[in-house]
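Topology and contacts: notes
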Amino acid sequence: MSTDMKVLIIGSGLGGLSLAQSLRRSGVPFEIYERDSTPFDRSQGYRLHLDGDAINTVGEVLTPDLQALFKETSQWTEPYTSIMMPKSLRVVKRLLTKDDLGQGVWPNTGDGTLIHANVDRATLRRILLSGLEDSIHFGKKFERYKILAEDKVIAHFVDGTSATGSCLVGADGVNSHVRVQRAPNLATMDAGITAIYGRLPAKAVQELGPKEALEDIFLIASDERKVFLGLGSVIFPTSPHEAANELGLDIELHPRESYVVCIVGGRHEFFPEAHRKATSAELQTIAASLIEGWSDNAAPLVRTGDSESFFAVHMRTSVPNTLDRPANVTLLGDAVHSMTPSLGRGANLAMRHGALLGRHLKRVAGGQGSLANELAAYEASMLEYGFKVVREAAEIGRQRMDQIPLDNVVDA
Ligand SMILES: Cc1cc2nc3c(=O)[nH]c(=O)nc-3n(C[C@H](O)[C@H](O)[C@H](O)COP(=O)(O)OP(=O)(O)OC[C@H]3O[C@@H](n4cnc5c(N)ncnc54)[C@H](O)[C@@H]3O)c2cc1C
């Protein structure tokens, strides 16, 4: 193994951490640089749906004890995305949900039933951070890089410091600074959709919502304006902090009750301008009022939410393109493939990219391939499957919530 190889990872989201865990398992040196000053500076949402991409990544990159913790804290859902009627909130159709992985690759129960998980994002991120404490540098906002040789690159941070490595990976999310320099041709665009997210107590959903809201991957209802209500549960088999204790792991997971995330969204024009400066409680009121004319239980369901848990998202999507000028700088996750959450696949792709890139970098460290060839192979593969998913997400987003089509770029 080449001893002087070092991978610089910019960003400690789900993608960057999956790569780091992969490198840790194969003994390839790396350092992570994160702009936030602690792991939990900003709320990044609540529930995540994980499909075969992410579940396979967990099995590949995490140590067995962390895999056990993941298993104990994930809700293993029924494999459906279900459609509710806005006038009744009753489920009228359950659609089998799958990604582009074949049956042979997707984890299944043994009888062929595909496995899906709904997880708490903060819990998953904490699990992925575990064991990386000595390699992660918080408060390091990446500013720019300079390529010094084909296996040497220097990253500069806004605090005036710098770091040198063999290659640099931009895992810095939808507004990636690495992407701006590495691939200025890769743009993102406004998807035209605003969504308000909040957390509902599972008990309230049990009383007011359809029973599938606590069983299926996700439920969605939309009206003639394509204003939608989405519901997605996280029912912990074991509460996260208890699971860590029971497994004898020295990992501090936050105590959390099971919950259901609710999303009320639609085209920007349905949201009053005031939502941009609204408090959480005001956002909750706006969300409930948007579905006031629906069934008797729809708006009340939103009102049962934790009034401090609501936040708004203005959705963006990547615009498919090529990644030219091969270099010892590459991208992963939202930095290259951001999308609207219509398929619930962004995190899954970010984690799959992390595992894939980890495999290629292991080959470089083991002398089985050159850095240039392995990065080129990684990029060819992830660009193909990644933009396919971005296109699919945009098309489903267009059908379900009136997302602006990708061929209608207005502000890329
Ligand atoms: C509300 C919501 C719900 C979602 N639901 C789902 C779902 O159910 N299933 C699913 O698969 N996906 C879902 N997604 C998408 C998913 O969250 C993203 O695709 C995923 O988090 C991308 O991971 P990432 O590591 O690429 O980027 P991020 O998670 O965005 O991480 C990027 C990291 O880089 C850091 N960073 C940024 N700039 C710099 C800089 N200049 N210097 C240093 N560090 C920097 C950030 O602080 C952050 O820690 C959802 C997204 C949202 C917003």
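Worth saying up front: this structure is predicted, and the values here are computed from it rather than measured. (Residues numbered from 1 in each chain as written. Predicted model: local features only at pLDDT ≥ 70, side-chain atom pairs only at ≥ 80, totals over all residues. Heavy atoms only, no water.)

Take the domain arrangement of the protein next. Domain annotation of the protein identifies domain 1 (7-79 + 114-190 + 316-408) and domain 2 (192-315). Distance between the C-alpha centres of domain 1 and domain 2: 26 Å. Contacts between the two partners involve 37 residues from domain 1 and, on the opposite side, 39 residues from domain 2. Between domain 1 and domain 2 the total buried area reaches about 3,200 Å² when both faces are included, carbon and sulfur atoms providing 62% of it. Broken down residue by residue, the surface that domain 1 buries against domain 2 is led by Tyr46, Arg47 and Gln75, which jointly contribute 22%. For the pair domain 1 and domain 2, the number of links is 1 salt bridge. Looking at the side of domain 1 that touches domain 2, the elements with two or more residues in it are strand E3 (47-50), helix H3 (64-73), strand E4 (75-84), strand E6 (116-120), helix H4 (121-129), strand E12 (188-201) and helix H11 (371-401). (Domains from an automatic or database assignment. Contact = heavy atoms within 4.5 Å. Buried area = accessible area lost by both parts, 1.4 Å probe. Salt bridge = Lys/Arg side-chain N within 4 Å of Asp/Glu carboxyl O. Helix = DSSP H or I, 4+ residues; strand = E, 2+ residues; numbered from the N terminus.)

For the rest of this paragraph, the subject is the nonpolar core. Val7, Ile9, Leu50, Leu124, Leu168 and Leu361 are the most contacted members of the largest nonpolar core, which totals 81 residues. A total of 11 residues in this core trace back to one element, the largest contributor, which is H11. Excluding anything up to four places from it in sequence, Leu361 contacts Met5, Val7, Leu19, Leu23, Val28, Cys167, Leu371 and Leu375. (Core = buried A, V, L, I, M, F, W, Y, C linked by side-chain atoms within 4.5 Å. Buried < 20%, exposed > 50% of the residue type's maximum accessible area, 1.4 Å probe, protein only.)

Take the packing of aromatic side chains next. Inspection of every chain in the model, using the stated rule, returns 5 aromatic pairs. Geometrically, the ring pair formed by Tyr46 and Phe311 is edge-to-face, given 5.7 Å between the ring centres and 65° between the ring planes. Of this pair, Tyr46 sits in the loop between strand E2 (30-33) and E3 while Phe311 sits in strand E16 (residues 311-318); the two residues are 265 residues apart in sequence, bridging distant segments of the chain. For Tyr46, a relative accessible area of 8% gives the class buried. Residue Phe311 is classed as partly exposed on the basis of its relative accessible area, which comes to 21%. With centroids separated by 5.4 Å and ring planes inclined at 10°, the aromatic side chains of Tyr197 and Phe311 adopt a geometry described as stacked. Of this pair, Tyr197 sits in strand E12 while Phe311 sits in strand E16, and the two are 114 residues apart along the sequence. The aromatic ring of Tyr259 is capped on one face by Arg199, whose charged end is 5.9 Å from the ring centroid. (Phe/Tyr/Trp six-rings, centres within 6.5 Å; stacked < 30°, edge-to-face > 60°. Lys NZ or Arg CZ within 6 Å of the ring centre and 35° of its normal.)

Once that is clear, we can look at the pattern of salt bridges. By the definition in use, this model includes 20 salt bridges. Residues Arg182 and Glu379 are paired through a salt bridge, measuring 3.3 Å at the closest nitrogen-oxygen approach. Here Arg182 is found in helix H5 (residues 177-182), whereas its partner Glu379 is found in helix H11, with 197 residues between them in sequence. Between Arg267 and Glu269 there is a salt bridge; the shortest N-O distance is 3.9 Å.

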